[in-house]
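Examining the three-dimensional arrangement
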Amino acid sequence: MAIVDKSLEEELILVREELDFEKEHNRKLFAELIVARNELSFQKDEQGKRAAELEIANVELVFQNDEKEKRAAELSIANIELVFQNVEKEKRAEELVIINAELLAFNYISSHDLQEPLRKIQTLSGRILEKETQNLSDTGKDYFNRIQSAAGRMRQLIEDLLVYSRTNIAERKFESIDLNKIIDEVKVELRDNIEEKHAIIEATDMCVINIIPFQFRQLMHNLLRNALKFSSPRRQLHILIKSSIIKGNEVAGKKFAGAKSYCHISVSDNGIGFEPEYKDRIFEVFQKLHGRDKYEGTGIGLSIVKKIVENHNGIITATGRPNEGATFDMYFPMADFPRQF
């Protein structure tokens, strides 16, 4: 009996050990199942995130495609506008060619057909005054003198208008020129006026810049002639011409590129001057501050000066004080620092 009980006890121990093993095995399997469930949940979350990212990417791709289509449409419109602008430019260029041809024809007519009758009026009236003066009354002589004077003013007006129009249509060939040379040439042209006024013309530190020579010669001619015309009878006329290289930021109140270099040319005199309120008006066509009975002229000279300055991409200003004089300041852009003389 004791032997049977011992055998059963051993079997129970074995059964208990097997049950413990199965429990431990089941516990491990349960733990593995939990890990597997967590991994599966994580993968589902990752798949959800990936799906959301793909959806966002698809939305962005659709947006980018829409933007590309819009850009392509804009480029197409821009190309059409560019073609239209080019066509308009070609038309404008053709119109300008026609206008220039018409202006040249007008210049020819003005310089020949319009001036020829005036020359005849002056010549014939001069002959009458010379050969028939004994047969004319004082009133008749006065009339003929006034006819000659009027014809002379008309010829001068036509010549000034021709010069003004040529500043717009003439070919613009820039050359590097020493301004001293141009000033000397103008002084020779105005020698009689300079001697008559006993004027002193002083030019110092002239720049060498790229200019249109014949236009700049006209500019200097007009400025010096203007100073000679409006000299003061109280003192000897002194005209000072000087230039310097400056930076744009050194000029107050002007819209200049600060880092760019400019040639500053000033022409000043000690003549009769003008009221400061007329500093802009004097550059307008046909604007005269004085009557023709006191100072001859057509009122175009300074307009020509301004047009020539603008043809050189420059700026001109005028300052003056009555009975003290006037100063004309001009600023011309330069590519580099030229040498000075």
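In this report, the structure presented in the accompanying data block is examined. (Residues numbered from 1 in each chain as written. Predicted model: local features only at pLDDT ≥ 70, side-chain atom pairs only at ≥ 80, totals over all residues. Heavy atoms only, no water.)

Assigned secondary structure in the protein chain consists of six helices and seven strands. Traced from its N-terminal end to its C-terminal end, the protein chain shows the element sequence α-α-β-α-α-β-β-α-β-β-α-β-β. Counting every position in the protein chain, which comprises 341 residues, the buried fraction comes to 29%. Sequence-distant contacts, at least 24 apart, represent 72% of the contacts inside the protein chain between residues at least 6 apart. Within the structure as shown, the protein chain displays about 23,100 Å² of accessible surface, and the carbon and sulfur contribution to it stands at 54%. (Helix = DSSP H or I, 4+ residues; strand = E, 2+ residues; numbered from the N terminus. Buried < 20%, exposed > 50% of the residue type's maximum accessible area, 1.4 Å probe, protein only. Contact = heavy atoms within 4.5 Å. Areas by Shrake-Rupley, 256 points an atom, 1.4 Å probe, with all protein chains shown as cover.)

Within the chain, N313 stands out as a residue other than glycine whose phi angle is a positive 60 degrees. Checked against the element boundaries, N313 lands in the loop between α6 (301–311) and β6 (315–321). For N323, which is not glycine, the phi torsion reads 65 degrees and is therefore positive. With respect to the helices and strands, N323 occurs in the loop between β6 and β7 (325–334).

The next point concerns the sheet that holds strand β5 (residues 261–269). What the five strands build is an open sheet, ordered β2-β4-β5-β7-β6; its pairing is mixed. The open sheet is flanked by β2 (200–204) and β6, the only strands paired with a single partner. Averaged over neighbouring strand pairs, the angle between their axes works out to 15 degrees when direction is ignored. Pairing of β6 with β7, which is carried by seven bridges, proceeds in the antiparallel orientation. Across the sheet, the residue bridging to T317 is D329, located in β7. Strand contacts of helix α5 (residues 213–229): β2, β4 (238–247), β5 and β7, with the helix running at about 165 degrees to β7, the strand carrying the most contacts. (Pairing = 2+ DSSP bridges. Axes fitted to C-alpha atoms, helices over the stretch in contact; angles between N-to-C directions.)

Attention now moves to helix α3 (residues 179–189). Residue pairs three or four apart in sequence face the same way in an α-helix, which turns once every 3.6 residues. Taken together, the buried positions of α3 are L179, N180, I182, I183 and V186. For α3, the angular spread of the buried residues around the axis is 160 degrees, confining them to a single face. Exposed residues on α3 whose side chains face more than 90 degrees from its buried face are K181 and V188. Looking at the buried residues of α3, the elements they touch are β1 (175–178), β2, β3 (208–211), α5, β4 and β5. Two to three positions downstream of the cap, the backbone nitrogen of N180 sits 3.1 Å from a side-chain oxygen, assigning the N-cap of α3 to D178. (Arc of directions from axis to C-beta. Polar contact = N/O pair within 3.5 Å; in protein donor to acceptor, adjacent residues only side chain to side chain.)

Our focus in this paragraph is the pattern of salt bridges. Under the criterion given, the structure shown has 10 salt bridges. Of the charged contacts in the structure, one is a salt bridge between K279 and D280, with a shortest N-O distance of 3.4 Å. (Salt bridge = Lys/Arg side-chain N within 4 Å of Asp/Glu carboxyl O.)

Here the focus is the environment of N193. For N193, the position within the fold is in helix α4 (residues 191–197). In sequence terms N193 and K229 are 36 residues apart; their C-alpha atoms lie 8.8 Å from each other.

α5 packs onto α3 with a crossing angle of 55 degrees between their chain directions and a minimal axis gap of 9 Å. Considering their axes alone, α3 and α5 lie oblique with respect to each other. The handedness of the crossing between α3 and α5 comes out as right-handed. Between α3 and α5, the contacting residues are L179, I182, I183, E185, V186 and E189 on the first element and P213, F216, R217, M220, H221 and L224 on the second. (Parallel < 35°, antiparallel > 145°, perpendicular 65-115°, else oblique. Left-handed = near helix turned anticlockwise from the far one by under 90°.)

Glancing now at the packing of aromatic side chains. Across all of its chains, the model carries two aromatic pairs by this definition. Between F283 and F328 the ring centres are 6.2 Å apart and the planes differ by 80 degrees, which places this aromatic pair in the edge-to-face class. Here F328 lies in strand β7 and F283 lies in the loop between β5 and α6, a separation of 45 residues in the sequence. The pair F283 / F328 is uniform in exposure class, with both members buried. (Phe/Tyr/Trp six-rings, centres within 6.5 Å; stacked < 30°, edge-to-face > 60°.)

It is worth spelling out the nonpolar core at this point. Among the nonpolar cores identified, the biggest contains 42 residues, and F216, I241 and I265 are the most heavily contacted of them. Looking at this core element by element, the count peaks at seven residues for α5. Setting aside anything within four residues of it in sequence, one finds I265 in contact with L179, I209, F216, M220, I241, K242, S243, F328, D329, M330 and F332. (Core = buried A, V, L, I, M, F, W, Y, C linked by side-chain atoms within 4.5 Å.)

Another point: the pairing of β7. Remember that side chains alternate between the two faces of the sheet whenever the strand is regular. For β7, the tally of buried residues reaches eight of 10 residues, placing the bulk of the element in the interior. Connecting the antiparallel pair β6 and β7 is a turn made up of three residues, with N323 showing a positive phi of about 65 degrees.

Most of α6 is tucked away: nine of the 11 residues are buried. All buried positions along α6 are accounted for by G301, L302, S303, I304, V305, K307, I308, V309 and N311. Phi turns positive one or two residues past the end of α6, at N313, with a value near 60 degrees.

On to a negative patch on the surface, then. Taken together, the side chains of D5, E9, E10 and E11 define an acidic patch exposed on the protein surface. Relative to the elements of secondary structure, E11 occurs in helix α1 (residues 2–131). (Patch = residues over 30% accessible without salt bridge, like charges linked within 9 Å, V, L, I, M, F, W, Y side chains within 5 Å. Lys, Arg positive; Asp, Glu negative; His and termini not counted. Charge placed at Lys NZ, Arg CZ, Asp CG, Glu CD.)

Turning next to the side chain of S266. Here S266 shows up in strand β5. Exposure remark for S266: the relative accessible area of 6% places this residue in the buried category. If we ignore the near neighbours within four places in the chain, the residues touching S266 are L240, I241, K242, T327, F328 and D329.

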